[in-house]
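Breakdown of the fold
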Amino acid sequence: MSTLDQFRKETHDWLVANCPASMRTPQKRSEGVYGGRRASFPNDDAKLWMDRMVEKRWTAPDWASEYGGGGLSAEETKILAQEMEALGCRKPIVGHGFWMLGPALLEYGTEEQKLEHLPKIARGEIRWCQGYSEPGAGSDLASLRCKAEDKGDHFVLNGQKSWTSDGDKADWIFCLVRTNDEGKKQEGISFVLFDMETPGVSVRPVPLITGESHFCDTFLDNVVVPKSQVVGEINKGWSVAKALLVHERTMMSQIERNMPKPKFSTIDYAKNYLPLNDDGTIKDALMRNRLANHLMRDQSIKLSQQRAFEEGMAGTFDMRVSTIFKYISTEEKTAKDSMVADMMGMTGAGWDTDRFTFDEYTKTYEWMSNKALTIAGGSSEVQLNLVSKRGLGLPEK
Amino acid sequence: MPLALNEEQRMLRDTAREFLQNNAPVSLMRELRDSGDSKGYSDAVWQQMIELGFPAVAIPESYGGLGFGYLGAGAILEEAGKTLAHSPFYSTVALGAAAITLGGTEEQKQSLLAAIAAGELTLAMAHEESNHHQPNTVSLSASASGDNYVLNGKKLFVAEGAIAHKLLVSARTQGNNNDQDGITLFLVDRNSEGVSCQTSTMIDSRNYADIEFNNVKASAANIIGTVNQAFTILDKTFDYGRICLAAEMLGGAQTMFDKTVEYLKDREQFGQKIGSFQALQHRAAKMFAELELTRSAVVGALAAIDDDSDNLPIMASLAKTRANDTYRLITDEAVQMHGGIGLTDEMDIGFYLKRCRVSIHSLGDSGFHTDRYATLHGI
Ligand SMILES: Cc1cc2nc3c(=O)[nH]c(=O)nc-3n(C[C@H](O)[C@H](O)[C@H](O)COP(=O)(O)OP(=O)(O)OC[C@H]3O[C@@H](n4cnc5c(N)ncnc54)[C@H](O)[C@@H]3O)c2cc1C
């Protein structure tokens, strides 16, 4: 048996022995585990599962062990993910620390910063949020104005951040601030980390069309941040910001893999909610066509992600191709959510959990909430700009 | 199922690319068209391809082949699609050798596959009877007469039908025109008595023929597979062909895309490169995404052949649909983004546009394959 096959077998056995049965059932959206100082768990098994994975160092399997990770290779990390998926294991813990800040710190952080922050993420002790956008800086992120005044060994921050997801639940924030007003707008930005409990930080939740509000306006009023908490060089935070965005987009391209595994497939929805012929096929020819087209696209995207991984391993991957994934995956996901809601007909517009099942309500909810996928982390239009300029080398005006 | 080419396959692809770019560029296709050549390919180039061992790539080593599999054959076809280099490769290897490998007796495989691998035998698949791909619609009849059969009927749009040495003919030996049961596959010499070909001129300047069978005698020894049970072999052979054709189409789409992006970086209007207009940039970006998705579907489908995967029909319909839609999108956009010059015969774009159209309707358009894909998923 090759070393990787051996690893696969051991991983499988360990998961079977350690993942509680209830953690191998489909997860509700509200049952996600994010950790942090105010961590909440939907039940005892969820806590047990997280604790066991933390101890095994598999919450961040590919980080080095001194940073609280499992030190696994890319192949081993993939095998672990595959075995977890095959067994239907829930993610023990998720969040911005794992998806975004961790990888960016590994690349740009000082040794002290890595040793301080990464193990706390891996152990689920600190939950992070992202302070990029501002009222005047969305797609044009580099025009951000939140001001950081240099006071020798520290900065003093003043300004507003918008759209801070889970700003009211997170412990720390990674934040882009302006440290220089002169020259190119990208060249006066710094990337800073600070505790959300620092005096002068306040948040206000913003209700969304889903009725929920895990998005906040974040206000910074004379917030003191030591210079040791700047990641990368002062005024060169744009490089860190962009590297982090690549990780954010990768996560969003694989959103379904990073989210709780759904209980039903799109085919199940078709069969459960659409009028069918006697042989079980879909009556509505256009809907059948729409579903087939979705299945084909979905399959092509998965094959492309797999091909990118394999070519990456073989050293033959064309880096230009990486620019397409955020765009194609999120567009397909939102199209799928809309299609599933259409398949459910009136039920797909149901908005309570008495008349409708929790799953039905969730589908309606997801149709709305997942519209964010083609906006956040760089809108589809911004992604197409990126593909055409970075990927294809088309000229600027 | 591997989706990245291994070193051996990459070397084969590079050899094919270098050979075809140097010896069968689009200008060769133009010359053949201008001279009214009825075959649509150059014998000299085909001879060289034989010397390079191309016909042998997908044939198992035990039958005189090189055993590179279909990822190897696909790599050659993709490169051929880039320069529109036509040859008997597709009809003979992708379809013909596949049918014999899938359905032939040991004896048939020993003699026929070795001859194909050596470049001595060319085949054409004589199946369609209408202007659309219909795998189980066969009315050409074969009636038993002693140990032999007598074939009567007509086949349409047979690629290489007027030039291949032998024809693979699907015939009705039982049942009704649309039944899957009751189809038998015969190998018939094209020069047999009673076979008459009428060549059709098509926009891609390749060879297609309508073939009439008038009391053509076929020996029972030349049946490929089992009497009445050819449909399974036939549809699987078509899957190999659909996937190989998709590989060729991918090559054409890639070339048209590259040429169009080049033009966007070169042509100026309103004092700027037209590639700086966002309306064109976003369309180019979308084409790039479609092309990459298509490449993954095609490579995945070629790998499914090599793995003898149960998923083969699904992968074939996926690959052909994606190739159809993407090649059409990119050739249409290539014309549009070149403006008026895109419509001139002097540019090569028209050749790809025309080849694309014929390819789409060979072995199933997107309507056919989307429906098939849906049916295979039980929806
Ligand atoms: C659910 C959700 C969660 C979020 N979470 C966070 C978070 O935690 N932290 C954070 O910092 N931010 C967060 N964001 C903000 C997100 O990053 C921004 O919404 C995004 O960058 C777009 O900015 P905007 O909303 O200001 O839209 P705008 O930039 O104003 O865009 C409006 C429209 O114009 C288009 N457009 C803009 N520029 C161009 C161009 N050059 N070419 C063509 N079209 C263009 C856009 O595509 C869009 O369609 C979140 C957003 C959402 C929806």
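Cut-offs and rules
Residues numbered from 1 in each chain as written. Chains lettered and ligands numbered in written order. Predicted model: local features only at pLDDT ≥ 70, side-chain atom pairs only at ≥ 80, totals over all residues. Heavy atoms only, no water. Helix = DSSP H or I, 4+ residues; strand = E, 2+ residues; numbered from the N terminus. Buried < 20%, exposed > 50% of the residue type's maximum accessible area, 1.4 Å probe, protein only. Contact = heavy atoms within 4.5 Å. Polar contact = N/O pair within 3.5 Å; in protein donor to acceptor, adjacent residues only side chain to side chain. Core = buried A, V, L, I, M, F, W, Y, C linked by side-chain atoms within 4.5 Å. Phe/Tyr/Trp six-rings, centres within 6.5 Å; stacked < 30°, edge-to-face > 60°. Lys NZ or Arg CZ within 6 Å of the ring centre and 35° of its normal. Buried area = accessible area lost by both parts, 1.4 Å probe. Salt bridge = Lys/Arg side-chain N within 4 Å of Asp/Glu carboxyl O. Pairing = 2+ DSSP bridges. Near = heavy atom within 4 Å. Areas by Shrake-Rupley, 256 points an atom, 1.4 Å probe, with all protein chains shown as cover. Nonpolar A, V, L, I, M, F, W, Y, C, P; charged D, E, K, R; others polar. Domains from an automatic or database assignment. Expected span 1.5 Å × (residues − 1).

1. Examining the environment of Asn-136 of chain B
Residue and element names in this part refer to chain B. Following the sequence through the fold, Asn-136 ends up in the loop between strand S1 (123-126) and strand S2 (141-145). Residue Asn-136 is classed as partly exposed on the basis of its relative accessible area, which comes to 21%. C-alpha separation for the pair Asn-136 and Phe-231, spaced 95 residues apart in sequence, amounts to 6.9 Å. When near neighbours in sequence (up to four residues on either side) are disregarded, Asn-136 contacts Arg-172, Asn-177, Asn-178, Asp-179, Gln-180, Ile-183 and Phe-231. Of note is the side chain of Asn-136, whose polar atom sits 2.8 Å from the backbone oxygen of Asn-178.

2. Quick word on the nonpolar core
Among the nonpolar cores identified, the biggest contains 135 residues, and Leu-291 of chain A together with Tyr-70, Phe-89 and Ile-116 of chain B are the most heavily contacted of them. One finds Trp-99, Val-231, Trp-238 and Ile-255 of chain A within the second-largest nonpolar core, a separate group that totals 55 residues.

3. Structural notes on the packing of aromatic side chains
Residues and elements named next belong to chain A. A full pass over the atoms with the stated rule returns 18 aromatic pairs over all chains. Measuring from ring centre to ring centre gives 6.1 Å for Tyr-269 and Tyr-273, while their planes differ by 20°; the resulting arrangement is stacked. One end of the pair is Tyr-269 and the other is Tyr-273, both in helix H8 (residues 266-273) and 4 residues apart, which spans about a single turn. Looking at Tyr-273, the relative accessible area reads 25%, which means it is partly exposed. Aromatic ring contacts, followed pair by pair, group Trp-128, Tyr-132, Trp-172, Phe-174 and Phe-191 into a single cluster. One Lys or Arg, Lys-56, reaches over the ring of Trp-58 and ends 4.9 Å from the middle of that ring. Residue placement shows Lys-78 over the ring face of Phe-309; its charged tip is 3.9 Å from the ring centre.

4. Points about the interface of chain A and chain B
Taken together, the contacts link 41 residues of chain A with 42 residues of chain B. Approximately 3,600 Å² of surface area, both sides summed, lies buried where chain A meets chain B, with 65% of it carried by carbon and sulfur atoms. At the junction of chain A with chain B, the criterion picks out 3 salt bridges. Of the charged contacts, one joins Glu-290 of chain B and Arg-297 of chain A as a salt bridge, the two residues approaching to 2.7 Å between their closest N and O atoms. Joining chain A to chain B, the criterion identifies 18 residue pairs in polar contact (both at pLDDT 80 or more). At the level of secondary structure, the elements contributing two or more residues to the side of chain A that touches chain B comprise H8, helix H9 (285-314), helix H10 (325-343) and helix H12 (380-391) of chain A.

5. Focus on the pairing of strand S4 (residues 166-172) of chain B
All names here are of chain B. With 6 of 7 residues buried, S4 is to be regarded as a mostly interior element. Bridge count for S1 against S4 is 4 bridges, and the pairing is parallel. Looking at the pairing, Met-125 lines up with Leu-168 of S4. Alignment of S4 against strand S5 (residues 183-189), held across 7 bridges, turns out to be antiparallel. Residue pairing across strands places Ala-171 opposite Thr-184, the latter belonging to S5.

6. Considering the site of the ligand
In the neighbourhood of the ligand, 18 residues make up the surrounding shell, with Ser-133, Ser-139, Trp-163, Ser-379 and Glu-381 of chain A lying closest. Bordering the ligand are residues originating from chains A and B. Ser-165 of chain A is positioned with one of its side-chain polar atoms (N or O) 2.8 Å from a nitrogen atom of the ligand. At 2.8 Å from a nitrogen atom of the ligand is found a side-chain nitrogen or oxygen belonging to Gln-278 of chain B. In the complex, the protein chains occlude 65% of the 970 Å² of accessible area that the ligand would expose alone. Going through the elements one at a time, strand S1 (128-131), strand S3 (154-165) and H12 of chain A are the ones with two or more residues in the shell around the ligand. Looking at the shell around the ligand element by element, the count peaks at 3 residues for S3 of chain A. The residue inventory of the shell around the ligand, partitioned by class, reads 6 nonpolar, 11 polar and 1 charged. Composition of the shell around the ligand by domain shows at least three residues from each of domain 2 (128-240) and domain 3 (262-391) of chain A.

7. What to know about H9 of chain A
With 30 residues, H9 of chain A ought to run about 44 Å at 1.5 Å a step, and its terminal C-alpha atoms sit 43 Å apart, in line with that. Note on H9 of chain A: the residue one or two positions beyond its end, Gly-315 of chain A, has a positive phi of about 75°.

8. A word on the domain arrangement of chain B
Residue and element names in this part refer to chain B. In terms of domains, chain B is made up of domain 1 (7-122), domain 2 (124-229) and domain 3 (232-376). For domain 1 versus domain 3, the distance between C-alpha centres works out to 21 Å. The partner domain 3 presents 31 residues to the 22 residues of domain 1 that form the contact. By the criterion of area lost to domain 3, the three top residues of domain 1 are Arg-30, Tyr-70 and Leu-102, representing 26% of everything that side buries. On inspection of domain 1 and its partner domain 3, the count reaches 4 salt bridges. Residues Arg-33 and Asp-345 are paired through a salt bridge, measuring 2.8 Å at the closest nitrogen-oxygen approach. Between domain 1 and domain 3 we count 11 residue pairs in polar contact (both at pLDDT 80 or more) in total. Secondary-structure elements contributing two or more residues to the side of domain 1 that touches domain 3 are helix H2 (26-34), helix H4 (69-83) and helix H5 (89-103). If you tally residues by element for the side of domain 1 that touches domain 3, the top one is H4, at 9 residues. Looking at the side of domain 1 that touches domain 3 residue by residue, the class counts come to 13 nonpolar, 5 polar and 4 charged.

9. Comments concerning the domain arrangement of chain A
All names here are of chain A. The domain architecture assigned to chain A consists of domain 1 (3-94), domain 2 (128-240) and domain 3 (262-391). Averaged C-alpha coordinates put domain 2 and domain 3 at centres separated by 32 Å. Tallying the contact residues gives 5 residues for domain 2 and 6 residues for domain 3. Between domain 2 and domain 3 lies a buried interface of about 450 Å² when both sides are counted; carbon and sulfur atoms form 65% of it. A per-residue breakdown of the area domain 2 buries against domain 3 is headed by Ser-139, Ile-209 and Thr-210, which together make up 81% of the total. Summed over the shared surface of domain 2 and domain 3, the result is 0 salt bridges. In the side of domain 2 that touches domain 3, the residues fall into 1 nonpolar, 3 polar and 1 charged.

10. Comments concerning the side chain of Ser-190 of chain A
Residue and element names in this part refer to chain A. In this fold, Ser-190 is placed in strand S5 (residues 189-195). Overall, the relative accessible area of 0% leaves Ser-190 in the buried class. For Ser-190, the side chain forms a polar contact with the main-chain nitrogen of Asn-235, separated by 2.8 Å. Look past the residues within four positions of Ser-190 in its chain and what remains in contact with it is Cys-175, Leu-176, Val-177, Thr-179, Ile-234, Asn-235 and Gly-237.

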